[in-house]
Amino acid sequence: DKVHAPVVIIGTGLAGYGVAKEFRKHDSDTPLILITSDDGRSYSKPMLSTGYTKNTTANDLAQLDAGSMAKMLKASVWTMTRVAEIDTANQMIKVGDAQSAIHYGKLVLAVGAEVIQPPIGGDALEKVYSVNDLLDYDDFRSAVEKNGVKKVCIIGGGLIGCEFTNDLLNGGFEVEAVDPLGHCLPTLLPEQAGKAVQAALESKGATFHFGPLVTEVNHAGEGVRVTLNNGETIDADLVVSAVGVRPRVALAQASGIDTNRGVVTNRLLETSAPNVYAMGDCAEVGGHVLVYVAPLMAAARALGKTLAGEPTEVSYPAMPVTIKTPACPVVVAPPAPGAQGEWTVQAQGNDVQAEFRDAAGNLLGFALTGEATKAKLALQKELPAILA
Ligand code: FAD
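Residues numbered from 1 in each chain as written. Predicted model: local features only at pLDDT ≥ 70, side-chain atom pairs only at ≥ 80, totals over all residues. Heavy atoms only, no water.

Peer 1: Go over the overall build of the protein with me, naming the residues and quoting the values.
Peer 2: Tallying secondary structure elements over the protein gives nine helices and 25 strands in all. Relative to a compact globule of 388 residues, whose C-alpha radius of gyration would be 21 Å, the protein shows 22 Å and is just as compact. Relative to its 388 residues, the protein shows a buried fraction of 50%. Taking as baseline every contact in the protein between residues at least 6 positions apart, the subset at least 24 positions apart corresponds to 61%. About 17200 Å² of surface is accessible on the protein, with carbon and sulfur atoms providing 50% of the total. Taking the average location of the 31 positive side-chain charges in the protein and that of its 43 negative ones, the two points are 6 Å from each other. (Helix = DSSP H or I, 4+ residues; strand = E, 2+ residues; numbered from the N terminus. Rg over C-alpha atoms; globule rule 2.2 N^0.38 Å. Buried < 20%, exposed > 50% of the residue type's maximum accessible area, 1.4 Å probe, protein only. Contact = heavy atoms within 4.5 Å. Areas by Shrake-Rupley, 256 points an atom, 1.4 Å probe, with all protein chains shown as cover. Lys, Arg positive; Asp, Glu negative; His and termini not counted. Charge placed at Lys NZ, Arg CZ, Asp CG, Glu CD.)

Peer 1: Could you give me a rundown of the packing of aromatic side chains, with the residues and numbers involved?
Peer 2: Counting across every chain of the model gives five aromatic pairs. Ring geometry for phenylalanine 208 against phenylalanine 210: centres 5.3 Å apart, planes inclined by 10°, an arrangement best described as stacked. Centroid distance tryptophan 343 to phenylalanine 356: 5.4 Å. Interplanar angle 70°. Geometry classified as edge-to-face. Of this pair, tryptophan 343 sits in strand E23 (residues 342-348) while phenylalanine 356 sits in strand E24 (residues 351-357), and the two are 13 residues apart along the sequence. Judged by relative accessible area, tryptophan 343 falls into the partly exposed class, the value being 29%. What makes phenylalanine 356 buried here is its relative accessible area of 7%. Put simply, the rings of Tyr129, Phe140 and Phe164 pair up and form one aromatic cluster. One residue, arginine 141, lies across the ring of tyrosine 52, its end atom 4.1 Å from the ring centre. (Phe/Tyr/Trp six-rings, centres within 6.5 Å; stacked < 30°, edge-to-face > 60°. Lys NZ or Arg CZ within 6 Å of the ring centre and 35° of its normal.)

Peer 1: Before we move on, can you summarise helix H1 (residues 14-26) with the specific residues and values?
Peer 2: The end-to-end C-alpha separation of H1 is 19 Å, in line with the 18 Å expected for 13 residues at 1.5 Å each. Within H1, the full set of buried residues consists of Ala15, Gly16, Tyr17, Gly18, Val19, Ala20, Glu22, Phe23 and Arg24. Those residues of H1 that are buried lie in contact with strand E1 (7-10), strand E2 (32-35), helix H3 (66-73), strand E3 (76-78), strand E7 (106-109) and helix H8 (293-307). (Expected span 1.5 Å × (residues − 1).)

Peer 1: Just give me the short version of the sheet that holds strand E6 (residues 100-103), but keep the residues and values in it.
Peer 2: Pairing is antiparallel across the open sheet formed by three strands, whose spatial order is E4-E5-E6. Only two strands of the sheet have a single neighbouring strand rather than two, namely strand E4 (83-87) and E6. Between one strand axis and the next, the sheet turns by 25° as a mean value, whatever way the strands run. With four bridges connecting them, strand E5 (residues 92-95) and E6 associate as antiparallel partners. By the bridge assignment for E6, isoleucine 93 is matched with isoleucine 102. (Pairing = 2+ DSSP bridges. Axes fitted to C-alpha atoms, helices over the stretch in contact; angles between N-to-C directions.)

Peer 1: Give me the lowdown on the domain arrangement of the protein, citing residues and values where you can.
Peer 2: The domains assigned to the protein are domain 1 (2-47 + 62-113 + 245-307), domain 2 (117-241) and domain 3 (329-382). For domain 2 versus domain 3, the distance between C-alpha centres works out to 28 Å. Opposite the ten residues of domain 2 that make contact, domain 3 presents eleven residues. When domain 2 packs against domain 3, the two sides together hide about 780 Å² of surface, and 81% of this comes from carbon and sulfur. Looking only at domain 2, the three residues that lose the most surface to domain 3 are Leu188, Pro190 and Gln192, adding up to 51% of its buried area. The tally of links between domain 2 and domain 3 comes to zero residue pairs in polar contact (both at pLDDT 80 or more). Looking at the side of domain 2 that touches domain 3, its residues break down into nine nonpolar, one polar and no charged. (Domains from an automatic or database assignment. Buried area = accessible area lost by both parts, 1.4 Å probe. Polar contact = N/O pair within 3.5 Å; in protein donor to acceptor, adjacent residues only side chain to side chain. Nonpolar A, V, L, I, M, F, W, Y, C, P; charged D, E, K, R; others polar.)

Set out below in structure tokens:
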């Protein structure tokens, strides 16, 4: 019967485990099942790009294994189990070989985001790593150690590319990075702020190639040769691809649930299917795709109550993002896409304070680097909420 039908959560990242914890604060009895295609270890994903700075292996980053999480949450956690389809009419999930199916009372999609694979040719693609979960991280660290890696080529000068650049420099590696746009963090920062990050990373030894695309990665001796479309080449021991992530929408799509850039939800985190919710990196909440920790924590708190029978809309305050480039710290609160206004920039060396204001002078976003990050709290107070 419906009352005892379990709450099922697909995904055990910060979103899946986060909403499970919040739900258990309000309901300790309803059966709870978490299903994940990985090994279900609990870890903080942002730590994947500070591994050399903090000297942490994949095992160091794993906080609790799936069994311990199950005990703590009074839940069962199914690991290495991929969900291929949801029968939303009968509220059933088919898992694995589709021989087993489970009924849900309420279902949460917390399946995260997948890495975008740039179209690259060549014969050494197995030396191109992307690091988007703990298992990837383990592979990457093993490859670095096994092959006596000294030099890494990074594809992408965005958040993850710059964080890995700084982290690998801190680990004593040589780093060359490539981005088709004009400066570091090109989609998040105005030019002067991006150039400050670039200068700080260059002074630690990084080399950047702005403008070209990577076209091929081929074996060359023990390492690889990376070819750019401007005719240049970069020799390295291995390559990290960090061109961005996009919400995983395939499962929702295959199940007839509405998707746009992400799995579409309203502020109750309800999808188009009855009793199916979405949150975290896979979700598009009230039109916002925000692939960061602060929004998923806000969503977990609201959805934890909703699942326990107290419908609660999510609110998103202003949530500036801290970028982990210690060579030049960055805090950014990007203006909403399409916001009308202008940047004004004050700079002193690598300390840049950029403010995005509308014609009436209202602050709609900011970007701070270096010492200017000290202005974060004051500016954050002035910002409008993302979803009031
Ligand atoms: P994920 O952690 O990706 O979890 C998805 C889960 O779904 C996994 O358990 C996966 O196995 C499971 N899954 C997927 N498909 C299926 C399926 N079909 N069947 C069963 N299970 C499935 N954000 C910040 O705010 N600050 C930072 O400093 C920061 N640094 C970052 C650094 C790096 C290197 C990266 C990669 C991201 C960083 N982020 C940062 C982003 C932040 O980590 C993510 O927003 C957050 O971890 C997303 O959590 P999630 O639970 O939505 O997704």
